[in-house]
Amino acid sequence: MEIETLAWLRTTEGGRLLAHAEQAWAEHAGDPVRVAGAVRRVEPDPEKAAAATTQAQLRAKAVAKFGDAARLMFFTPDALEQATRTRVADHRAARLAAAVPGGSVLDLGCGIGGDLLAFARAGLVSAGIDLDPVRVAMARANLEVLGLPGAVQVGDATSVDVRGFDAAFADPARRGGRGRVFDVEGWTPPWPWVLDLLTGRSLVKVAPGIGHDLVPAGCEAEWVSDGGDVKEAVLWSRSLSTTHRRATVIADHGLATLTEDDAPPPGAVGADVRDVGAYLYEPDGAVIRAGLVTAVAAGVEGGLVDPHIAYVTSDQAFRTPFARGYRVVEHLPYREKQLKAALHERRIGRLTIKKRGVQVVPEELRKRLALKGDEEATLVLTRVAGHGTALLVEPF
Ligand SMILES: C[S@@+](CC[C@H](N)C(=O)[O-])C[C@H]1O[C@@H](n2cnc3c(N)ncnc32)[C@H](O)[C@@H]1O
């Protein structure tokens, strides 16, 4: 979108067209051609019509990240994809605001302002810069429509002096960095710049796949999950860090955080492998990424099922935000033929298969098991003390 078109969308006339486009999406969500037609009927200028149609669609999509505020905001498709969701950004901003109360922060590459808005909401004096003028205009508009203070301008993060601010934040654009492999190639701004930034008072959002060996000495790495999905890791520079590794779990009912100080020392409860007890726990992805599975084991007074597998077991039922708990119903044979017979005998027709540390493709196994019956169950396939193990479990 051109900056001029964005400016027009913000006029009364543009706002009316946007509202019309939003209404059209609400009525014909599954039919983009009909939506476009409905918008074109009231706005003959193809560029304005297309901008309103796209913007209305992006707002609807953005509700998942920004809640109702999205209905007022402006996005580009890529910038929305890259933006930090409100719950995660608010957590980060609150933590920074606690570290530098009433302080200032410079967001180096602010995009449409996912993080910048959160910093401003947390009471920090917030400024953002970005290379992309359209994103800058959108971030500025987003602050305005949400009634938040802050300044945004076009600029190159790599040539800015951050010393006038209490903290600097960066969320570099990454190419293919969200998958299993953490690749520092192709970052903008680049990884060496990130390392340099982290020598000052700063924090940097990175992909959750970051290896522990890449975390600069003295920095804290915080892995954050929201609603059970790991969203990101954040590197906190030495002067802002309070530990080395942290897992923060955000859920509808609040937030919980675990650090390496919660991990048991060798020999203490939770540190070791033990037999499978009456309960099994599946740690949250942030806990696993942070390497804090033994901290969960200590919290449920249990142990690990295997030194290399992220399942925890205990004789007791605990509610913990850091893991999903299951009652172990029974041990089943691990060999496929006997397993199939056992499931048939129990009339299990619907089966959730969870696996860790074993070479199984759940969809293919489910087909081969040819399930029949009205019962529903959850099967865990894993390695216990080096041996393949099948456990029938139920969530509690
Ligand atoms: C991942 S996005 C930031 C998203 C943002 N944190 C949010 O929540 O909306 C990265 C941004 O950095 C900007 N960027 C990349 N290199 C830059 C540079 N050298 N200077 C300024 N901005 C840059 C990109 O234009 C992009 O908007």
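Residues numbered from 1 in each chain as written. Predicted model: local features only at pLDDT ≥ 70, side-chain atom pairs only at ≥ 80, totals over all residues.

A. Structural detail: the sheet that holds strand S13 (residues 323-332). Strand order across the open sheet formed by 7 strands is S11-S12-S10-S13-S16-S15-S14, with mixed pairing between neighbours. Taken across any chain shown, the strands that pair with only one partner, and hence form the sheet edges, are strand S11 (303-304) and strand S14 (348-356). Here S11 runs beside strand S12 (residues 312-314); their pairing, made up of 2 bridges, is antiparallel. Paired with Gly303 across the two strands is Thr313, which belongs to S12. (Pairing = 2+ DSSP bridges. Helix = DSSP H or I, 4+ residues; strand = E, 2+ residues; numbered from the N terminus.)

B. View of the pairing of strand S3 (residues 151-154). Of the strand pairs in this sheet, strand S2 (residues 125-130) and S3 are connected by 4 bridges, and their pairing is parallel. Looking at S3, one finds that Ala127 is bridged to Ala151. Running through helix H8 (residues 133-145), the crossover from S2 to the neighbouring parallel element S3 is right-handed. (Right-handed = clockwise from strand over helix to strand, strands pointing away.)

C. Here's a closer look at the site of the ligand. In the neighbourhood of the ligand, 23 residues make up the surrounding shell, with Ala83, Gly109, Gly111, Gly114 and Ala157 lying closest. Listed by contribution, the elements that provide at least two residues to the shell around the ligand are helix H5 (77-82), helix H7 (114-121) and S2. (Near = placed C-beta within 6 Å.)

D. Looking closely at the domain arrangement of the protein chain. Each assigned domain of the protein chain is listed with its residue range as follows: domain 1 (3-62), domain 2 (81-258) and domain 3 (279-395). Each of domain 2 and domain 3 has a C-alpha centre, and these two points are 36 Å apart. For the side of domain 2 that touches domain 3, the element with the highest residue contribution is strand S8 (residues 245-251), accounting for 6 residues. Residue composition of the side of domain 2 that touches domain 3, grouped by class: 9 nonpolar, 4 polar and 3 charged. (Domains from an automatic or database assignment. Nonpolar A, V, L, I, M, F, W, Y, C, P; charged D, E, K, R; others polar.)

E. Looking closely at the sheet that holds S3. Read from one edge to the other, the open sheet built from 9 strands follows the order S3-S2-S1-S4-S5-S7-S6-S8-S9, with strand pairing classed as mixed. Only two strands of the sheet have a single partner each, and these edge strands are S3 and strand S9 (254-259). Pairs of neighbouring strands in the sheet enclose a mean axial angle of 20°, with direction left out of account. One ladder, built from 6 bridges, connects strand S6 (residues 220-226) with S8; its direction is parallel. Looking across to S8, one finds that Ala221 is bridged to Arg245. (Axes fitted to C-alpha atoms, helices over the stretch in contact; angles between N-to-C directions.)

F. The arrangement of the pairing of strand S7 (residues 229-236) in detail. For S7, the tally of buried residues reaches 7 of 8 residues, placing the bulk of the element in the interior. Two elements, S6 and S7, share 7 bridges in a ladder whose sense is antiparallel. The partner of Glu220 across the bridge, within S7, is Trp236. Taken together, S6 and the strand that follows it, S7, pair antiparallel across an intervening segment of 2 residues, in which Gly227 is found at a positive phi of about 60°. (Buried ≥ 20, exposed ≤ 12 C-beta atoms within 10 Å, placed from the backbone.)

G. Geometry of the packing of helix H2 (residues 12-27) against helix H3 (residues 32-42). Two elements in contact, H2 and H3, have axes separated by 9 Å at closest approach and are oriented at 150°. Considering the angle they form, H2 stands roughly antiparallel to H3. Note that H2 runs across H3; the crossing there is right-handed. Two secondary-structure elements touch here, H2 through Leu17, His20, Ala21, Ala24 and Trp25 and H3 through Val35, Ala38, Val39 and Val42. (Parallel < 35°, antiparallel > 145°, perpendicular 65-115°, else oblique. Left-handed = near helix turned anticlockwise from the far one by under 90°. Contact = placed C-beta atoms within 7 Å.)

H. Region of interest: the environment of Pro172. In this fold, Pro172 is placed in the loop between strand S4 (167-170) and helix H9 (191-197). In this structure Pro172 comes out as buried when scored by C-beta crowding, with 23 C-beta atoms within 10 Å. The sequence separation of Pro172 and Thr294 amounts to 122 residues, and the corresponding C-alpha distance is 32 Å. Residue contacts for Pro172: discarding those within four places in its chain leaves Gly109, Trp187, Thr188, Pro189 and Val194.

I. Molecular detail of H8. For H8, spanning 13 residues, the distance from its first C-alpha to its last is 18 Å, which sits close to the expected 18 Å at 1.5 Å a residue. Considered for burial, the residues of H8 that qualify are Arg135, Val136, Ala137, Met138, Ala139, Arg140, Ala141, Asn142 and Leu143. In this structure, the buried residues of H8 make contact with helix H1 (3-9), H5, H7, S2 and S3. Gly147, located one to two residues past H8, shows a positive phi value of around 70°. (Expected span 1.5 Å × (residues − 1).)

J. Geometry of the environment of Ile353. Relative to the helices and strands, Ile353 resides in strand S14. Among the residues examined, Ile353 registers 17 C-beta atoms within 10 Å and is labelled partly exposed. Among residues more than four places away in sequence, those in contact with Ile353 are Pro362, Leu365, Arg366, Leu379 and Leu381.

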